[in-house]
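What follows is the residue order along each chain.
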Amino acid sequence: MLKIAVPNKGTLSESAADMLREAGYAGRRDPKELIVADPRNDVEFFYLRPRDIATYVGSGALDVGITGRDLLLDSHSTAQEIKELDFGASTFRFAGPIGAFDGLESLKGKRVATSYTSLVGDYLSQQGVDVTLIHLDGAVESAVRLGVADAVADVVETGSTLRKQGLEIFGPVILQSNAVLISTRLDDPAIGTLTRRLQGVMVAHQYVLMDYDLPSALIDQASQITPGFESPTISPLRGSDWVAVRVMVPRHDTNQLMDALYELGARAILVSPIHAARI
Ligand SMILES: Nc1ncnc2c1ncn2[C@@H]1O[C@H](COP(=O)(O)OP(=O)(O)OP(=O)(O)O)[C@@H](O)[C@H]1O
Ligand SMILES: O=P(O)(O)OC[C@H]1O[C@H](OP(=O)(O)OP(=O)(O)O)[C@H](O)[C@@H]1O
Ligand SMILES: [Mg+2]
């Protein structure tokens, strides 16, 4: 039975649970549950703090897990990223009082507060910048105002937490993070099945099915507008020189594509969601 680590709390937990449910797995009924068995899919879920997931997976106690790339790198775990997932996007940045810092060099000898001491320490030593790191558990943006640090390094999503504390971003992007699937057992077939299911959910999020009718003389032009994943499925329409086309298109482009197809001469253009996919 495949043992899967899932975030029990925090920013990643709800999206991870939604994604696994869409992929056909059992979830928690009570947010206090720590272990959920899913015998139908031959898996068992362990609800853990996202920061601890890389440690459990790296040690081999659990087979695979969902966590953040930043947390994986901070943990120094031997687990590896096997798939980027489509949630939990953030950047990891330095910030300081407005106008106080100008690039990495200006950090030399300063105190930098962070909850990700290894990640930030590794990055700064690669860049040859020596600082004093101050480890804090969270709310690190308050460390400057309270005089515990000169600058911070933290997760930034919208930037509103920084702004409220009178801080601004400076220096290069330390890391682009995302939720990721991690494991040490890269060729386990059961992990392959899980990965394909999650990939299928992401395809269902990103693509829709488009059907339209078209004079057959326009197939080549229409195929340039909607080339599809591999190529469009084209079926004859009985008793006419029109064809029916079925093709996957990126959800984000749906309306522009419908406009372009209509202008070309397509009619009866229909869009429907994809509930699941195995590509
Ligand atoms: N706005 C955000 N705030 C915090 N973490 C975020 C955000 N967006 C994405 N993440 C990602 O979520 C992970 C952090 O999750 P974690 O549960 O440790 O912290 P949290 O969501 O801030 O919860 P907590 O309240 O326990 O601090 C990291 O991988 C981080 O990159
Ligand atoms: O750029 P923003 O959209 O403002 O989001 C980023 C902030 O959100 C998180 O804080 P959280 O509320 O999780 O508190 P924490 O620092 O105690 O973890 C993160 O640590 C940043 O502080
Ligand atoms: Mg947090």
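The shown structure was predicted, so the numbers you read here are calculated from the model rather than taken from an experiment.

**Observations concerning the site of ligand 2**
Taken together, Gly138, Ala139, Glu141, Asp154, Val155, Val156, Glu157, Thr158, Gly159, Ser160 and Thr161 are the residues near ligand 2. Counting residues per element, the shell around ligand 2 draws most heavily on strand E9 (residues 151-156), which supplies 3 residues. By residue class, the composition of the shell around ligand 2 is 3 nonpolar, 5 polar and 3 charged.

**Notes on the pairing of strand E12 (residues 207-215)**
Across 9 bridges, the pairing between E12 and strand E14 (residues 242-250) is antiparallel. Following the sheet pairing, Pro215 is matched in E14 by Trp242. Of the strand pairs in this sheet, E12 and strand E15 (residues 267-273) are connected by 5 bridges, and their pairing is antiparallel. Each bridged residue has a counterpart across the sheet, and for Met210 the counterpart in E15 is Val271.

**Overview of the environment of Ala79**
With respect to the helices and strands, Ala79 occurs in the loop between helix H3 (69-75) and strand E5 (80-84). For Ala79, a count of 26 C-beta atoms within 10 Å translates into the label buried. The spacing of Ala79 and Gly60 is 19 residues in sequence and 8.8 Å in space, taken between C-alpha atoms. Once you skip the residues sitting within four places of it in the chain, Ala79 turns out to touch Ala54, Val57, Gly58, Leu72, Ile182, Ser183 and Thr184.

**Observations regarding the UniProt feature "domain: ATP phosphoribosyltransferase catalytic" (unreviewed entry) in the protein**
If you check UniProt for "domain: ATP phosphoribosyltransferase catalytic" (unreviewed entry), the listed places come out as residues 49-199 in our numbering. Strand forms 32% of residues 49-199 and helix 31%; the C-alpha atoms that close the span are 24 Å apart.

**Re helix H7 (residues 189-206)**
For H7, which comprises 18 residues, the first-to-last C-alpha distance of 25 Å matches the rise-based estimate of 26 Å (1.5 Å per residue) to within 8%. Residues of H7 that are buried: Leu194, Leu198 and Val201. For H7, the arc enclosing every buried residue in end-on projection is 50 degrees, short of the 170-degree limit, so these residues lie on one face. Turned more than 90 degrees off the buried face of H7, the exposed positions are Pro189 and Gly192. Tucked inside the fold, the buried residues of H7 contact strand E1 (2-7), helix H1 (11-22), strand E4 (64-68), E5 and strand E11 (179-183).

**Quick look at the sheet that holds E15**
Strands sit in the order E13-E14-E12-E15 across an open sheet of 4 strands; the sheet is antiparallel. Of all strands in the sheet, those bounded by a partner on one side alone are strand E13 (233-236) and E15. Taken pair by pair, the neighbouring strands of this sheet meet at an average axis angle of 20 degrees, ignoring direction. Contacts from helix H9 (residues 254-264) reach E12, E14 and E15 within the one sheet, and its direction differs from that of E15 by about 165 degrees.

**Details of the domain arrangement of the protein**
You can read the domains of the protein as domain 1 (2-87 + 178-186), domain 2 (90-173) and domain 3 (207-273). Domain 1 and domain 2 are separated by 28 Å when their C-alpha centres are compared. The interface of domain 1 with domain 2 comprises 4 residues on the first partner and 5 residues on the second. Considered class by class, the residues forming the side of domain 1 that touches domain 2 number 1 nonpolar, 1 polar and 2 charged.

**What to know about the environment of Ala143**
In this fold, Ala143 is placed in helix H5 (residues 142-145). For the pair Ala143 and Thr193, spaced 50 residues apart in sequence, the C-alpha separation works out to 44 Å. Aside from chain neighbours lying at most four places away, what touches Ala143 is Ala113, Ile134, Leu136, Val148, Ala149 and Val152.

**Brief notes about the sheet that holds strand E2 (residues 35-38)**
Working definition: the strands of a sheet are paired by backbone hydrogen bonds and lie parallel or antiparallel to each other. Ordered in space as E2-E3-E1-E4-E11-E5, the 6 strands form an open sheet in which the pairing is mixed. Whereas interior strands pair on both sides, the edge strands pair on one side only; in this sheet they are E2 and E5. With strand direction ignored, the average angle separating the axes of adjacent strands in the sheet is 30 degrees. Its contacts with the sheet put helix H2 (residues 50-59) on E1, strand E3 (43-48), E4 and E11, and the angle it makes with E4 is roughly 145 degrees.

**Quick word on helix H4 (residues 117-126)**
Taken together, the buried positions of H4 are occupied by Leu119, Val120 and Leu124. Seen along its axis, H4 keeps its buried residues to an arc of 120 degrees; they face one direction. Exposed residues pointing more than 90 degrees away from the buried face of H4 are listed as Ser125 and Gln126. The secondary structure elements touched by the buried residues of H4 are H3, strand E6 (90-97), strand E7 (111-114), strand E8 (132-135), E9 and strand E10 (167-177). Among the residues trailing H4, Gly128 stands out with phi positive, at a value near 70 degrees.

What counts, and where the lines are drawn
- Residues numbered from 1 in each chain as written.
- Chains lettered and ligands numbered in written order.
- Predicted model: local features only at pLDDT ≥ 70, side-chain atom pairs only at ≥ 80, totals over all residues.
- Near = placed C-beta within 6 Å.
- Helix = DSSP H or I, 4+ residues; strand = E, 2+ residues; numbered from the N terminus.
- Nonpolar A, V, L, I, M, F, W, Y, C, P; charged D, E, K, R; others polar.
- Pairing = 2+ DSSP bridges.
- Buried ≥ 20, exposed ≤ 12 C-beta atoms within 10 Å, placed from the backbone.
- Contact = placed C-beta atoms within 7 Å.
- UniProt positions renumbered as here; feature names shortened; annotations may be inferred.
- Expected span 1.5 Å × (residues − 1).
- Arc of directions from axis to C-beta.
- Axes fitted to C-alpha atoms, helices over the stretch in contact; angles between N-to-C directions.
- Domains from an automatic or database assignment.

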